[in-house]
Amino acid sequence: MINLQLYLTHTSSYDQVELFDFEGIELVQSVQDVRDISKVFAEFTRTFTVPASKANNKAFKHFYNADIGRETNPADNLRFDARKRVNAELHLNYMPFKKGRLQLDAVNMKANKPYSYTITFFGDTIKLAETLGDKKLNELIHLSKIEVPYTTNNVLSLMQIPQDVSIKSDIIQDALLIPLISSTQRLVYDSTDTTKEYNLYPHGDVTIDGATRRSGVDYLDLKPALRIHAIIKAIEAEFSNISFSTDFFTDSKTALVYNNPAYAELFMWLNTESGKVDVEMPQISMGASDVSQVVGDTDERELDGGYPNNTNHPGIHRIFSTPSDSAYYFDVTVTVSEPLQPYNFVLKKDGVEFVRVNGLTGTTRPMVASGSSDEAEERIKLPAGGYSFHLETQATMTFSFDIKLKFNRPTRLLSGIFGTRTFTIRYTMGRTITASDVSTATKDTAVLIPKMKVLDFITGLFKMFNLTAVTDEDGNIVVKTLDSFYSSGDTVDLTEYIDTTQSTIESVVPFSSIEFGYEGLETIFAAQHEEIAGKKWGTAMYPDVDSNPDDNTFLDIGDVYEVILPFGHQKYNRLYDADDPSGTLTNVQWGYAVDRQENPTLDKPLLLYVLKPNSQDAIEVTSSPTTSSFKTSYFIPSNSLNETNDTDSTNINFFAEMNEFAQVDFSNTLFKAYYENYITETFDPSSRLHKYRAIIPDDVLRNLELNDKIVVFDSEFRINKMSTNFLTKITNLELLRKSNLVDLQDNMPDLTDNVSKTLGTVDTTQVTVDLTDRTL
C-alpha cells in the first residue's frame, strides 16, 4: 500500500498539505527523453488540486482573500507570495521520496468560498531556471572583480603567460589569457614583402611612402579569453542555492594533467563589442606649470588677468564677462612628436566638457572647423567662464600647444571710423606624456564578457556535452555526462511487479535525423567553409546520408530534430608564408572575427581551446604605428586540444572536420564522445520503446533511480520515462530496449551459459559458433 504525503518545507518546520482522496497525483520523471533529447532539467509533475481544507488554508495563508495580512507587518509573513515557488517534499508512507519546488497556481471557488487549490510540484533542478531567471553573464558580480589592464605590456604578457583569477576563495589557475584572434585586421605572414599591412612577420622598422612605421597586429585588436570553470564558479558564488557537483564541472588535476580536459581547458572569448577594444583614454589636464610667458595685448581690459598664472587661475583661462557686442575665441595649434599616434583634444568650461575633437593625429587646429586656415570660419564663441585644456591618448609622446585667445570688440580703427578690432594674447603649453600617465586603461571581465543569459550558457554546456542534472540529498546539482550517468546506476529486476496482461512496443525514433551544430557560424572562415564544402562548419547530421547516400533507411520518418548550441564556432586559419599555399606553412594560427564582407561582427559567444605549440614563428604586435614588440611564444585559438597529428584528439566539432593546424581529420568529436552511444542505439532498427504498467512497492519505488538498469523478463532496459499515479498506485514505464546485437556485443564473454534463447541469434558476423572454448 502506497500513501503519498506532500509537505511545504521551511527552515525548521513542515506544513503538511492535505490531498483529495479521489484525485491522483502523477509524478513524471525523466532525465533524457529519447523523443526530445535536447531538453534538460526535466523532472516535474503535472498540475493537480488539493482541497481548501482548514490545514491547507493555513498553509497557503488564505490566498483566496487578498486582504488577509495586508494590515500586518510584512515581516510577520502572513501573506502567501504566489510569485515565488516554495520548497516542498513528497514522501511515500512518511519516508522522504522527492525534494522539489511547489508553485501555487490558483484557488478554485464555489459559492464564493474556497473549494480547492491548484498547485504544481517541480523537481529540484527547476531551481536553476528559477534562480537564474534573466540574469546575464555580464551581471555576475565576481566577474567584475577580474580586472584586465589594457596596456601594451599586459596584453603582451597575457598572450604568453596565463593569469590566475580569484572567485571568492577559489583560485582558478591559468584562467585568463589572450589568444591570437583579431577583431578588424586581416593578418598575413610574409617574410619578404615589408609593405603589407598587418604583416605578422617581425620586420621591425620599415619605410612606406617616406614614413617609418611598424606592422603586425594592433594590441587593441586582441581580446582576452576566460576559462569556463571561472564562470561556473562565479555562478555558484553569486547564487547561494546553486552548487554543482565536481563529476563533470571540475578543474582538478592528476600529475599536472586535467582530469576532465574537454571541459577544464575550454575558454570563452570575451567579445562584447565588435571591432577593437574601446579603452578609455586617460585624460591629462594641462596645468600652470605647462604655460609659457604670455605676450600680446596683455593690457587690454578684457584680456588682462584672464590668462593662466600660478596664483589666480592656475591652468585655467578665465573669461570674466562678455559684452553683448563682443566675442572671445581660442585659436589652438597642437604639434606632436609622434605624428601617427592618435589623440583627443578636450576643452572644458567650468569643469564641464565644452568642446571635444576625437581621432586627431599630427599637427592640428582643433578649435577651427576642419583645420581651416581661415580664422573667421566657424570659430567657436566662448561665453564667460573658466576654461581648461585636456588631452586623451594612450601613447607616450610630447605635445606642444600654441594658444591664442582672441577678443573682438568695437573700437575706433586707424582710419578714424568705428569697426571691430581683434585683440590677442598668446602663450604656449608643453607636456610630455609618460608611461605612468597612460597606465590606467583597465577593463574588467564583466564589461568584456558577452551579454548572454546565464541560463542559456548553462543549457548550452549541457547540450554540448550531453549532460544530465539531478539533485542529491543535500540539494547539490549532480552533473554528469549521459553515458556516465547511466553507467553508475544499479540493476533492478521489476519483472514480478509488471502487469503481464498488456504492454506496448513502439518504434523509438519519431524523427528522420538529428542535426548537431552551433548557432554562431557567421564569421568569415566558417561562412566560406559552408560555401565551399556545402555543409556548415563543425555540424553533423545523424544519420549522415550525405556521406553515405546509399543509406536511406531513415529518410521517410518524421522531421529533422535539432540540437543547436547557442555559441559561436569559428574556423581558424593557419598561415602560409607570403600567403602562398605552395610556400612554407608557418606555426601561426589565428581567428578572424569578421563577417563574410570583412566587417567586424559579434556573432554568438565563442567557445574555444587555446594552444601554444612547442615551436612557434615569431610575430609582431604593435602598440602604435611606430612601436611594436616581437613575440616568439603566444596562444593560438583551436577547436582541438592537440595540434599534432593525433586524430583522436578531443575537439569541439560535432563532425570530424579537418583540423586547421594539423591538416588532418580529427575524429574524436563532440558527437562521438558524448552522443554516439545513445544516438546510435536509439536509431538502431532493433531498438524498441517498451511500455509497461506496474504496481511497484513503495520501498522499491522510493529507491528507484532514473539511471538504474531495469530488468523485465530477462531483458535489460534503460528508463526513458516513468509516471506514477499515487491514487491508482500504477507506474507507467517507458523503457528503452537496447538492440539485440548491442547486447550480444556487450556480453560476448558471457555467451557460454546459453545462446539458444529467442532474444539472441548466432547468425551474425559479430558472433561465431566455432570457438573451441564455447559449449553450445
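Here the structure is a predicted model, which means the values were calculated and not measured. (Residues numbered from 1 in each chain as written. Predicted model: local features only at pLDDT ≥ 70, side-chain atom pairs only at ≥ 80, totals over all residues. Heavy atoms only, no water.)

Draft legend 1. Representation of the overall build of the chain within the structure. A count of helices and strands for the chain gives 13 helices and 46 strands. Burial statistics for the chain: of 776 residues in total, 50% are counted as buried. Counting every atom, the chain has about 35700 Å² of accessible surface; 46% of that belongs to carbon and sulfur. (Helix = DSSP H or I, 4+ residues; strand = E, 2+ residues; numbered from the N terminus. Buried < 20%, exposed > 50% of the residue type's maximum accessible area, 1.4 Å probe, protein only. Areas by Shrake-Rupley, 256 points an atom, 1.4 Å probe, with all protein chains shown as cover.)

Draft legend 2. Representation of empty space enclosed by the protein in the model. Tallied over the full model, the rule gives two cavities of 30 Å³ or more. Of the voids in this model, the second largest cavity is the one considered here, and its volume is about 30 Å³. Lining the second largest cavity are Trp-537, Asn-651, Asn-653, Glu-657, Met-658, Asn-659, Glu-660 and Phe-666. A per-class count over the lining of the second largest cavity returns three nonpolar, three polar and two charged. (1 Å grid on protein atoms, 1.4 Å probe; cavity = no way out; pocket = protein on both sides within 12 Å on 5 of 7 lines; lining within 4 Å. Points joined across faces, edges and corners; volume = space filled by probe spheres on them. Nonpolar A, V, L, I, M, F, W, Y, C, P; charged D, E, K, R; others polar.)

Draft legend 3. Local environment of the nonpolar core. Within the largest apolar cluster, 153 residues are counted, with the highest numbers of intra-cluster contacts made by Leu-180, Phe-457 and Leu-461. With eight residues, helix H8 (residues 454-465) is the largest single contributor of residues to this core. Formed by 35 residues, the second largest nonpolar core is a distinct cluster that contains Met-286, Val-332, Ile-403 and Phe-407. (Core = buried A, V, L, I, M, F, W, Y, C linked by side-chain atoms within 4.5 Å.)

Draft legend 4. Here's a closer look at the packing of helix H5 (residues 228-238) against H8. Axis separation between H5 and H8 bottoms out at 12 Å; the angle between their running directions is 130°. As summarised for this structure, H5 and H8 are arranged oblique, according to the angle between their axes. Our pair here, H5 against H8, has a crossing hand that is left-handed. For the pair H5 and H8, contact is made by Ile-228, Ile-231, Ile-232 and Ile-235 and by Val-454, Phe-457, Ile-458 and Leu-461, respectively. Residue composition of the contact of H5 with H8, by class: eight nonpolar, no polar and no charged. (Axes fitted to C-alpha atoms, helices over the stretch in contact; angles between N-to-C directions. Parallel < 35°, antiparallel > 145°, perpendicular 65-115°, else oblique. Left-handed = near helix turned anticlockwise from the far one by under 90°. Contact = heavy atoms within 4.5 Å.)

Draft legend 5. Geometry of the sheet that holds strand E34 (residues 513-520). Strand order in the open sheet formed by three strands is E35-E34-E36, and the pairing between neighbours is mixed. The open sheet has two edge strands, strand E35 (540-542) and strand E36 (560-568), and neither has a second partner. Taken over all neighbouring pairs, the strand axes of this sheet differ in orientation by 20° on average, direction set aside. As judged from the three bridges shared by E34 and E35, these two strands associate in the antiparallel manner. Pairing of Ile-514 across the sheet is with Tyr-542, part of E35. Each of E34 and E36 is contacted by H8, which is oriented at about 125° to E36, the strand it contacts most. (Pairing = 2+ DSSP bridges.)

Draft legend 6. Summary view of the packing of aromatic side chains. Under the defined criterion, the tally for this structure stands at 34 aromatic pairs. Of the aromatic side chains, those joined through ring pairs into one cluster are Phe-244, Phe-248, Phe-249, Tyr-263, Phe-462, Phe-465 and Tyr-674. The aromatic ring of Tyr-258 is capped on one face by Lys-253, whose charged end is 4.6 Å from the ring centroid. (Phe/Tyr/Trp six-rings, centres within 6.5 Å; stacked < 30°, edge-to-face > 60°. Lys NZ or Arg CZ within 6 Å of the ring centre and 35° of its normal.)

Draft legend 7. Quick peek at the pairing of strand E26 (residues 385-392). In terms of residue burial, E26 counts as a mostly covered element, since eight of its eight residues are buried. What you see with E26 is no split at all: Gly-385, Tyr-387, Phe-389 and Leu-391 on one side and Gly-386, Ser-388, His-390 and Glu-392 on the other are buried throughout. Direction of pairing for strand E20 (residues 283-285) relative to E26: antiparallel, over a ladder of three bridges. Paired with Ser-285 across the two strands is His-390, which belongs to E26. The sheet contact formed by strand E22 (residues 317-319) and E26 spans three bridges and is antiparallel. Looking across to E26, one finds that His-317 is bridged to Tyr-387. As paired strands, strand E24 (residues 343-349) and E26 are joined by six bridges and run antiparallel to one another. Pairing of Lys-348 across the sheet is with Ser-388, part of E26.

Draft legend 8. Structural detail: the packing of H8 against helix H11 (residues 670-683). H11 packs onto H8 with a crossing angle of 80° between their chain directions and a minimal axis gap of 8 Å. Taken as axis vectors, H8 and H11 run roughly perpendicular relative to one another. On the side of H8, the interface is formed by Phe-462, Lys-463, Met-464 and Phe-465, while H11 contributes Leu-670, Tyr-674 and Tyr-675. By residue class, the composition of the contact of H8 with H11 is six nonpolar, no polar and one charged.

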